[in-house]
Every structure is written in structure tokens, then in C-alpha cells.
Amino acid sequence: MTAATRLVVAAPHPAALTAARQAAARGANAVDVALAAAAALTVVYPHQCSLGGDLTALVHSPDGTVRAVLSAGAAAHDVDVEALRAADGRMPAQGPQTVTVPGVVAGWTALAEAHGTPGALAAALRDAAVLAEEGATVSAGLARAAREQAARIAVDPGLHTLLSDADGAPLAEGDPLPQPRLAAVLRALADDPSSFYRGAVARALADGLRRAGSPLTASDLAAHRAESVEALVFDAAGTRWWAAPPPSQGATLLAVLEAATAAAKLPEPERTGVLVARCQDASAARDRLLGDPRGGEPDLDGLLRPAPLAGAEPPKPSFRPAGDTVAITAVDSTGLAVSLIQSVYQTFGSGICDPDTGIVLHNRGSAFSLRLGHPALIGPGLRPPHTLCPVLGRSTDLLLAAGCQGGRAQPQILAQTVPELMDPAADPAAVLDRPRWVTGARDIGHETPTLLAEPGSVPAAFPSALPVVVTPGRTDLAGHTQAVRLTADGRLDGAADPRADGGTTHHTLEGISL
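Each value, and the rule that gives it
Residues numbered from 1 in each chain as written. Predicted model: local features only at pLDDT ≥ 70, side-chain atom pairs only at ≥ 80, totals over all residues. Heavy atoms only, no water. Helix = DSSP H or I, 4+ residues; strand = E, 2+ residues; numbered from the N terminus. Buried < 20%, exposed > 50% of the residue type's maximum accessible area, 1.4 Å probe, protein only. Areas by Shrake-Rupley, 256 points an atom, 1.4 Å probe, with all protein chains shown as cover. pLDDT = per-residue confidence, 0-100. Contact = heavy atoms within 4.5 Å. Core = buried A, V, L, I, M, F, W, Y, C linked by side-chain atoms within 4.5 Å. Salt bridge = Lys/Arg side-chain N within 4 Å of Asp/Glu carboxyl O. Pairing = 2+ DSSP bridges. Axes fitted to C-alpha atoms, helices over the stretch in contact; angles between N-to-C directions.

1. Describing the overall build of the protein
Looking only at helices and strands, the protein features 18 helices and 18 strands. In terms of principal-axis extent, the alpha carbons of the protein reach across some 65 × 60 × 45 Å. Taken over 514 residues, the protein has a buried fraction of 60%. Total accessible area computed for the protein in this model is approximately 18700 Å², and 54% of it derives from carbon and sulfur atoms.

If you want it as C-alpha cells, here you go:
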């Protein structure tokens, strides 16, 4: 029969919502609109995501099955591990040695082929090309990132061209953001997405990588494939949760959600204390145990059931600047739902924008280890551990798709939001508006383990074993969460995090055959 399909999407930037509306007007489903939003974000948020980044997604099909799409790129076949180790005891934070194969485009293609409407991805890429050529402007977040990274931008020709005006001054909020070379690449991908890995785009990108000093070659690009794999599953309190498997930190998320569920009925400040402790334990286990299954089977049980630190000093990650990521979530009334996360890892990724293609290249390789025996030891064709951590939840009452920005703290951020979002009576906007906390050290700007708290996020008498630093107000370090829901009675709703620039948009698609 013929009926109307309704859908809702949440995204962190108005241009992504416009792209979603354009896709919906063409009769798109939930995956199609998420991909349209994702393509637009690579144009307007080059500090957070790019064609030169990676992607992880979870998809809930109308029949109830869930698959994870992992499109995380690998290190070069010719990576010189000994030279890296001789240069320093740890991976560089940015630069050409941190660029792994970009997985975003292959991830988009895999999602479109498995769940999309024929022609929808090509149309979305053409929309993104128009945006790159004539419609994008500098957002407040991009202008802030450009100011903070001014020194790095000044030394990279591609970033300088992208983010400077005709007089060489930094672009300001509201300035035009023309990207003609990126527009040409997007049009080429609309005609043939595989050209990013095995065609003209791949050849141009490989040449740019070589000139930048990266060991990646056209053969490395051609070898990349997105994977569709079984998701990790955790059942608690009437909800089934799905997360992405290694090299994603999805197991860390499930470990923290288990603690959040167990502590849900405890009084404060005990409830927060239990969750903070589990976050520390789970983060430490991730740093010790997470790696690429291609290099050896990860200790999944150790990740899901982290051993208590019991006062021990957690591993200290290398100093790196704050990470940047975007999450897009969408669900339609058929029960098709997607949580898609794409990222260049840190702000402007590797600090390299290829001048010939306009593509900002990620620095995901900085997450590798150089320590012998570590599960994340860098090697030819291996993928680094990933912070990207989408989540789906389903109960008899509700289907939820959620994801967030937040780097290593993504499991902590989601554990403070998604359990309550499983209550159909909860207001998603109110849940995402509440103050949050994160724990970390150098990754959140502190030399020692610290609890960074937005005002009101922890009880006044909270007996923390960590020093507590209260922020002046909301902080991007507490993440940008996007969430959408479908209730058992057919209601669709959702919310975008007030810490970002986006929102939600709802659509009704007439004439869909069900």
C-alpha cells in the first residue's frame, strides 16, 4: 500500500539541516538525509570533519537488525615504524606521519548501497558541491577554531588559502567560504564515488600526500574498503544497546552504560561517584587494551569489564589538542535509524589541507602507539584505536539513535544523556541542555587526572578523588550530542545539543511504498 513516511534528523549546523531538507524533498529515507547532512558538514566544518577523515555508523533496519559500518583508514604499507620510534617515543600529534587513509567516502558509499535510495547520495554530493562553490559562510565555531589554530594555519599553504581573505587576514564569522577545488572533487564523487580511492581523485590526493611528506600512496588508497560488521550488544533494564566494535571505543561506552544503569536508583552524590569511577576505569582499560583486530584479537572482555584502578595511576596519553567530530542522527517512521559520526580527529586534523583538492587530512594516526607489544602498535595496513562511538538503543517503548562530539570522553557524555532519553516522557532538548562533566587529563587541558564540570553538573558536596574544576559555563569539552527517537506509538522527536550550532528538522514524505 502507499502511505506517508515521516522522519526526523538532528545535526550540529544549519547547512546540514538545509541539506537534509533538500534530500527529504526528493523522497529520501533516514539514511539518505543523514548522508546529505554529512556531505554538507565536510564543506562548512573543515575543522571538524572532511573528505579526508574517517566514519563510523550504526544502522537499525526496519526489521530490527543492526549493523555497524566501520570506515577507518589504515596506516601506509610503507610506514617506517623504526624511524618514528627513533624520532620520539610517541607518535607525533599532527603532520604528515599522522595521516591514515581517509574512510569517509567509502563509508558514505557503503551506507548508501546497503540502506539508501538509488541516486540519493549523488544528489547530496552535488548539493554539497554547490554549497562549496557559492553558499558556505564561516560559522562561529570555525572562526573560533581558526583563531586558536592561527599559527598552524599560517604554515600550511592549503589551510592558509582556505581560511584567509585576499589580504591574508583570517576569515571572520559570516565571511564567505568559497572552496572551488573541493566543489570539483564533490562533483567528481557524485559521478563516481570510487574515484576517491581508485580514480582521478585518488591520483590527485596521492600526489598531494607525497608532496606533504606522507608515506601513503595510491595503492594504500585503493586497498581501502568500508566494513559492515556485527555491532556490540548490551542488555540492561529493558533496553538493548548497540555500539561499534574495535577499533572503535564502543566497548568502553557499554562498560560505562552498565555502571550508569546500575547506579540509576542510587542517591546523589553516590550515583555520580559510581559513574565517575567507572569512567576512569573504562578509560584506563581502553588506553591499555584497545587496538585493531587486524593486528591481534583485542581483549574485549577487559574493555567491557574494566578492572578497577584502585588508586593506581592511569595511563597518560600523549598531549594532543582538543578533538573535533560531528554526529548526525536520523530515524524515520519505518524504523530505519542511523547514528553517523565522522571526524578529522583533532582541530583541522593533521594541519594539512591538500591545495589541489581542498581536502583537509585527518591525524587519526596520532592515536597509534610506538610501544612494542601494545595492541595499538602502528604497522602497515593497521588501523589506530578510534574515539568515534555512535550508539543505538531500543526498548518496547522507544528506538533511539544518538552520537556526540567529545573525543575520548564520548562514552562519558553519552552515559549522562542516553539512559534518560530512553524514557518516552523525557524531553530530549531538556536532557541535552543539562550540565555535564567529563574526566581526563591532557586530553581536556590538565596535566593530571581531573574532573571538569559545567556549573551544576556535580553535587556541591561531591567527594571526588579527583580535583574538580568548574567551568565558567558550557564547554565544548562536554560534547555536542545529537539524538532522535521513534516511540512505539509512532511519535518522532529529537534534539540537537545547545553547545553546537544545529537543530532538528522533521519531514513527511508522501507516496512512499511500504
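Text resumes after the structure shown.
2. Regarding unusual backbone geometry
Across the junction of Pro246 and Pro247, the peptide omega takes the value 15 degrees, indicating a cis bond. Looking at where Pro247 falls in the secondary structure, it is placed in the loop between strand S6 (239-243) and helix H13 (250-263). Here the residue pair Glu268 and Pro269 is connected by a cis peptide bond, since its omega of 5 degrees sits within 30 degrees of zero. As for its placement among the helices and strands, Pro269 is situated in the loop between H13 and helix H14 (270-289).

3. A word on the confidence of the model for the protein
Residue-level pLDDT values for the protein average 92, and 95% of them are 70 or greater. This model gives residues 318-323 a pLDDT under 50, and the stretch forms 17 contacts once residues within four places in sequence are excluded. Long-range and interchain partners of residues 510-514, a stretch whose pLDDT sits below 50, account for 13 contacts in this model, where long-range means more than four residues apart.

4. Structural notes on the nonpolar core
Leu51, Trp108 and Ile328 are the most contacted members of the largest nonpolar core, which has 86 residues in total. Tallying contributions element by element places helix H2 (residues 30-44) first for this core, with 13 residues. When near neighbours in sequence (up to four residues on either side) are disregarded, Leu51 contacts Thr42, Pro102, Val104, Val105, Trp108, Leu182, Val185, Leu186, Leu189, Phe196 and Ile359. With 49 residues, the next largest nonpolar core counts Phe234, Leu254, Val256 and Ala259 among its residues.

5. Regarding the pattern of salt bridges
Summed over all chains, the structure comprises 24 salt bridges. Taking the shortest distance from any N to any O, the salt bridge between Arg211 and Asp356 comes out at 2.8 Å. Separated by 145 residues along the polypeptide, Arg211 in helix H11 (residues 200-212) and Asp356 in the loop between strand S9 (352-354) and strand S10 (359-361) bring together distant segments of the chain. What makes Asp356 partly exposed here is its relative accessible area of 41%. Residues joined by salt bridges that share partners form a network here, namely Glu227, Asp292, Arg294 and Arg383.

6. Comments concerning the environment of Ile328
Here Ile328 shows up in strand S7 (residues 323-332). Since its relative accessible area comes to 0%, Ile328 is described here as buried. It is 7.3 Å that separates the C-alpha atoms of Ile328 and Ala37, two residues lying 291 residues apart in sequence. Apart from the residues within four sequence positions on either side, Ile328 is in contact with Val9, Ala10, Ala11, Ala34, Ala37, Ala38, Leu41, Val338, Ser339 and Leu340.

7. Thoughts on the sheet that holds strand S13 (residues 437-440)
Within a beta sheet, neighbouring strands are joined by backbone hydrogen bonds and run either parallel or antiparallel to one another. With respect to topology, 3 strands assemble into an open sheet ordered S13-S14-S15, the strand pairing being mixed. Lying at the two open borders of the sheet, with one neighbouring strand each, are S13 and strand S15 (468-470). Direction aside, neighbouring strands of the sheet carry axes that sit 25 degrees apart on average. When strand S14 (residues 450-453) meets S15, the two strands line up parallel, connected through 3 bridges.

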